Amino acid sequence: MAGKGTPATALLTKQKVAHVLHAYNHDPRADSYGLEAVEALGLEPARVFKTLVAEVDGKLTVGVVPVTGQLDLKALAMAAGGKKAKMADPAAAQRATGYVLGGISPLGHRTRLPVVIDATAPAFPTVYCSAGRRGLEVELAPADLVRLTNAVVAGIAA
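Residues numbered from 1 in each chain as written. Predicted model: local features only at pLDDT ≥ 70, side-chain atom pairs only at ≥ 80, totals over all residues. Heavy atoms only, no water.

Enquirer: How do you make sense of helix α1 (residues 7–14) when you look at a structure like this?
Expert: Think of an α-helix as 3.6 residues a turn; residues three or four steps apart then line up on the same face. Taken residue by residue, α1 has A8, T9 and L12 as its buried positions. Projected down its long axis, α1 shows its buried positions confined to an angular sector of 95°, all on one face. Exposed residues on α1 whose side chains face more than 90 degrees from its buried face are T13 and K14. Contacts from the buried residues of α1 go to β1 (19–23), β6 (127–133), β7 (136–140) and α5 (142–149). (Buried < 20%, exposed > 50% of the residue type's maximum accessible area, 1.4 Å probe, protein only. Helix = DSSP H or I, 4+ residues; strand = E, 2+ residues; numbered from the N terminus. Arc of directions from axis to C-beta. Contact = heavy atoms within 4.5 Å.)

Printed below as a string of structure tokens:
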């Protein structure tokens, strides 16, 4: 399982971006995929980010926020240049990204989606996010994550 690549890991390799993969045994009963990663890998929670898909004025948009926080939908809408945001239908999120819930990475989406990364990310030398599969996190520099996703950086965590 850990040897199989994902679109996210393929993108990182193709772009020659320094990264480290961290695999752990995913428990299907886990309440929070992000907090499960924090606990399983012994990571600092503020450096682990979850990827959430929302609709901003009807357009799918990705919000990347610390696992300890919530996505502020109003702030996401503003950062994405819209007026109103709501969480996306899970099936639509999975179709657009090509990933399953709990394994949605901000990288390597099937359909190119706008991405907004919380303003806390650049404060760290590296951050962790899903590598595209439950039980697999990728550690990389926040600047690389912003560049590869063409993201806007804004305060979107509540």
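Enquirer: Please clarify how the nonpolar core should be interpreted in this entry.
Expert: Generally speaking, nonpolar side chains in soluble globular proteins are found buried as a group. Ranked by size, the top nonpolar core spans 28 residues in total, and within it L12, V53, L107, I117, L140 and L145 carry the most contacts. Those elements that provide at least two residues to this core are α1, β2 (49–56), β3 (59–66), α4 (90–97), β5 (115–118), β6, β7 and α5. Discounting residues that sit within four places of it in the chain, V53 has contacts with L60, T61, V62, M87, A88, A93, T97 and I104. (Core = buried A, V, L, I, M, F, W, Y, C linked by side-chain atoms within 4.5 Å.)

Enquirer: Any chance you could explain the pattern of salt bridges here in plain terms?
Expert: All chains considered together, the criterion is met by 3 salt bridges. With a shortest N-O distance of 3.7 Å, R47 and E139 are connected by a salt bridge. Taken together, the residues R47 in the loop between α2 (33–41) and β2 and E139 in strand β7 connect sequence positions 92 residues apart. Judged by relative accessible area, which is 16%, E139 ranks as buried. Ionic pairing is found between R147 and D144, a salt bridge with its closest N-O pair at 3.3 Å. Placement of the pair is R147 and D144 together in helix α5, with a separation of 3 residues, close to one helical turn. (Salt bridge = Lys/Arg side-chain N within 4 Å of Asp/Glu carboxyl O.)

Enquirer: How should I be thinking about the sheet that holds β5 in this particular structure?
Expert: Two pairing modes exist for strands in a sheet, parallel and antiparallel, and in both the strands are linked by backbone hydrogen bonds. Across the sheet, 5 strands lie side by side as β4-β2-β3-β5-β8; this open sheet has mixed pairing. Edge positions in the open sheet fall to β4 (85–87) and β8 (152–154), since each of these has one partner strand only. Across the sheet, the mean angle separating the axes of adjacent strands is 35° when strand polarity is ignored. Of the pairings in the sheet, the one linking β2 to β3 comprises 8 bridges and is antiparallel in character. Pairing of T51 across the sheet is with V64, part of β3. (Pairing = 2+ DSSP bridges. Axes fitted to C-alpha atoms, helices over the stretch in contact; angles between N-to-C directions.)

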